[in-house]
Amino acid sequence: MPDSDQQLEIEAPEELLADMPLPSDAKTFFLGGIFVFLMLTAAYVASEIVLPMIFAVMLNLLMQPALRALERLRAPRALGALLLILVVIATIVGLGAAVSGPAETWIAKLPEGIPRILERLRFLDAPINTLRTFLAAANSFGAAGPQRSSAGPLDGGAILSSVFAGTRSLASGLFTTVIFLYFLLVSGDSFLRRLVEVLPRFASKRQAVDISQQIGHDISAYLLTITLMNALVGAATALVMWWTGVGDPVLWGTVAFILNYVPIIGPAAAILIFLFAGSLTITSTWQALLPAALYGAIHVIEGETVTPMLLARRFTLNPVLVVFSFVFWFWLWGVPGAILSAPILATTKIVCDRIRPLAALGHILAS
């Protein structure tokens, strides 16, 4: 007769399956796959409209705590929404004006600074030449095959085209995002009230209200936490750049703040940028590595310790799926998709955790 420990080991999976029921009908998976495919196709075709809407929804959830604070101060909702949007626009314009001058100065330094950096990296000539020889041999090995007539997905020109196309799309949709955001802030819970009114039973009405409020609260908390942590990373990076003598702390703090929204690739790009900046301004080779090394330490402390502790286990995401989400949304929408990849994945997990038929999917998305 099995003891209590063995009995718990046998019953635990059954309890887990009871909490996360899986559809028994194969048609459910088939119809769900068709729905997701059609939704993603529509998101790709109508990206000029969908992207501003998603940015507006994310900003709306991010601004909800501030808007509720203004309402507690007896401010009208329309006035509070307008005030918050003006504050965001003023912040963006102010940061743009503050970093534009230093950015132009650093860009002007590149022509004369790159040869100096290459001279410092002379010790890497041997491995680079070995890699170049290997690539040349690989190219000659495939020379007899069909030649490509167009750029591949990993070519530099194709990547740059995707980056600039995504940036132009984000800039052109800024006005649409502001309009969507204002009416989302003003409308509040009116859409939810209309949905609750058409539900037939009181239990369904109560469940819809509880789920929607919990989802909104969790997503808002997630976005607010990530934004505050990115701001702290930007401030710490600015102090590092000032302390190491690189200069222009506002510029580098802004760069760190923005790139920290992009998972994995963003911090890696920031390390390379700070490595070049240190090499351009610091004479000693090893001291030139200090800004990038200190930023890497800041990112490890924030990304591996502080942020997971604040978000707790329910907000942690599977790192493999984070990378997959980044690659997929960057392919679909370019730079805006890369920025939205982590919030979209976290939002999907939060929604799935709160809706019982989707709990199994939420369990898969967890770390």
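K.L.:
I'd like a rundown of the overall build of the chain, residues and numbers included.
P.N.:
Summing up its helical and strand segments, the chain has 16 helices and zero strands in all. Burial status across the chain gives 30% buried among its 367 residues. Sequence-distant contacts in the chain: of pairs separated by 6 or more residues, those separated by 24 or more amount to 73%. A total accessible area of about 23,200 Å² is found for the chain, and carbon and sulfur atoms account for 72% of it.

K.L.:
How would you summarise the nonpolar core if you had to cite specific residues and measurements?
P.N.:
Of all hydrophobic cores here, the largest spans 24 residues; its most connected members are Met58, Ile219, Tyr222, Leu223, Trp333, Leu340 and Ile344. When contributions to this core are tallied by element, the ones reaching two or more residues are α3 (47–72), α9 (202–243), α14 (319–333) and α15 (335–354). Among the elements that make up this core, the one with the highest residue count is α15 (six residues). Core analysis: the second largest hydrophobic core is formed by 20 residues, Trp252, Ala270, Phe274 and Ala288 among them.

K.L.:
Run through the packing of helix α10 (residues 249–259) against helix α11 (residues 265–281), naming residues and quoting values.
P.N.:
Running from N to C, α10 and α11 cross one another at 160°; their axes reach a closest spacing of 9 Å. Classified by the angle between their axes, α10 and α11 sit roughly antiparallel to one another. Across the interface between the two elements, Trp252, Val255, Ala256 and Leu259 of α10 pack against Gly266, Pro267, Ala269, Ala270, Ile273, Phe274 and Ala277 of α11. Class assignment for the residues of the contact of α10 with α11 results in 10 nonpolar, one polar and no charged.

K.L.:
Describe α9, naming the residues involved and giving the relevant values.
P.N.:
Between its terminal C-alpha atoms α9 stretches 61 Å, which fits the 62 Å expected from 42 residues at 1.5 Å a residue. Count one or two residues on from α9 and you reach Gly245, which has phi positive near 90°.

K.L.:
Report on the pattern of salt bridges, specifying residues and quantitative values.
P.N.:
Two side chains carrying opposite charge are able to pair once their charged atoms lie near each other. What the rule picks out here adds up to one salt bridge. Arg77 is paired through a salt bridge with Glu71; the nearest N and O atoms lie 2.5 Å apart. In this structure Arg77 comes out as partly exposed when scored by relative accessible area, which is 22%.

K.L.:
Give me the lowdown on the packing of α3 against α15, citing residues and values where you can.
P.N.:
Two elements in contact, α3 and α15, have axes separated by 11 Å at closest approach and are oriented at 55°. It follows that α3 is oblique to α15 by the angle criterion. Crossing of α3 over α15 shows left-handed handedness. Between α3 and α15, the contacting residues are Leu51, Ile54, Phe55 and Met58 on the first element and Pro336, Leu340, Pro343, Ile344 and Thr347 on the second. Considering only residue class, the contact of α3 with α15 consists of eight nonpolar, one polar and no charged.

K.L.:
Pulling in residues and values, what's your account of the packing of aromatic side chains?
P.N.:
Going through the model one piece at a time under the given rule, you end up with 11 aromatic pairs. Consider the rings of Phe274 and Tyr295, whose centres lie 5.0 Å apart with planes at 75°: the pair is edge-to-face. A residue pair is termed long-range when its members are at least 10 positions apart, and Phe274 in helix α11 and Tyr295 in helix α13 (residues 290–311) qualify at 21 residues. Each of the two residues, Phe274 as well as Tyr295, counts as buried. Aromatic side chains Phe326 and Phe330 sit 6.2 Å apart centroid to centroid with 15° between the ring planes, which places their arrangement in the stacked category. You can see Phe326 and its partner Phe330 sitting in helix α14, four residues apart, about one turn around the helix. Phe326 gets classed as buried once you look at its relative accessible area, which sits at 11%. Its relative accessible area of 25% is what places Phe330 among the partly exposed residues. Ring-pair connections join several aromatic residues into one group, and the members of that group are Tyr44, Phe324, Phe328, Trp329, Trp331 and Trp333.

K.L.:
Account for the confidence of the model for the chain, naming residues and giving values.
P.N.:
Chain-level statistics for the chain give a pLDDT mean of 76 and a share of 75% at 70 or above. Low pLDDT, under 50, characterises residues 142–160; the stretch is placed with five contacts to residues that sit more than four places away or in other chains. Residue range residues 162–166 is modelled with pLDDT below 50. Its contacts to residues more than four positions away, or to other chains, number six contacts.

Rules used throughout
Counting from 1, residues in each chain are numbered in the order their sequence is written. Predicted model: local features are reported for residues with pLDDT of at least 70 only, side-chain atom pairs are reported and counted for 80 or more only, and whole-chain, interface and lining totals are derived from all residues. Side-chain measures here rest on the full set of heavy atoms in the structure, leaving out hydrogens and waters. Only DSSP runs of H or I with at least four residues qualify as helices, and only runs of E with at least two residues qualify as strands; both kinds are numbered from the N terminus onward. Here the term buried applies to any residue with accessible area under 20% of the maximum for its type, exposed to any over 50%, and partly exposed to those in between, with areas from a 1.4 Å probe on protein chains only. Contact criterion: two residues are considered in contact whenever any of their non-hydrogen atoms come within 4.5 Å of each other. Reported accessibility uses the Shrake-Rupley method at a 1.4 Å probe radius. Residues are deemed covered only where the shown protein chains occlude them. To define a nonpolar core, start from buried Ala, Val, Leu, Ile, Met, Phe, Trp, Tyr and Cys residues and group those joined through side-chain atoms within 4.5 Å. Axis definition: a line fitted to C-alpha atoms, limited for helices to the stretch in contact. Angles are taken between N-to-C directions and run from 0 to 180 degrees. Any angle that is under 35 degrees is reported as roughly parallel, and any over 145 degrees as roughly antiparallel; angles of 65 to 115 degrees are reported as roughly perpendicular and all others as oblique. When residues are grouped by polarity, Ala, Val, Leu, Ile, Met, Phe, Trp, Tyr, Cys and Pro land in nonpolar, Asp, Glu, Lys and Arg in charged, and all others, Gly among them, in polar. Multiplying 1.5 Å by the residue count of a helix minus one yields the expected span of that helix. A pair is scored as a salt bridge if a Lys or Arg side-chain nitrogen falls within 4 Å of a carboxyl oxygen belonging to Asp or Glu. By convention the crossing between two helices is left-handed if the near helix lies anticlockwise of the far one by an angle smaller than a right angle, and right-handed if it lies clockwise. Ring pairs are drawn from Phe, Tyr and Trp, using the six-membered ring of Trp, whenever the two centres fall within 6.5 Å, and their geometry is named by plane angle: stacked under 30 degrees, edge-to-face over 60, tilted for the rest. Known as pLDDT, the predictor's per-residue confidence is scaled from 0 to 100.

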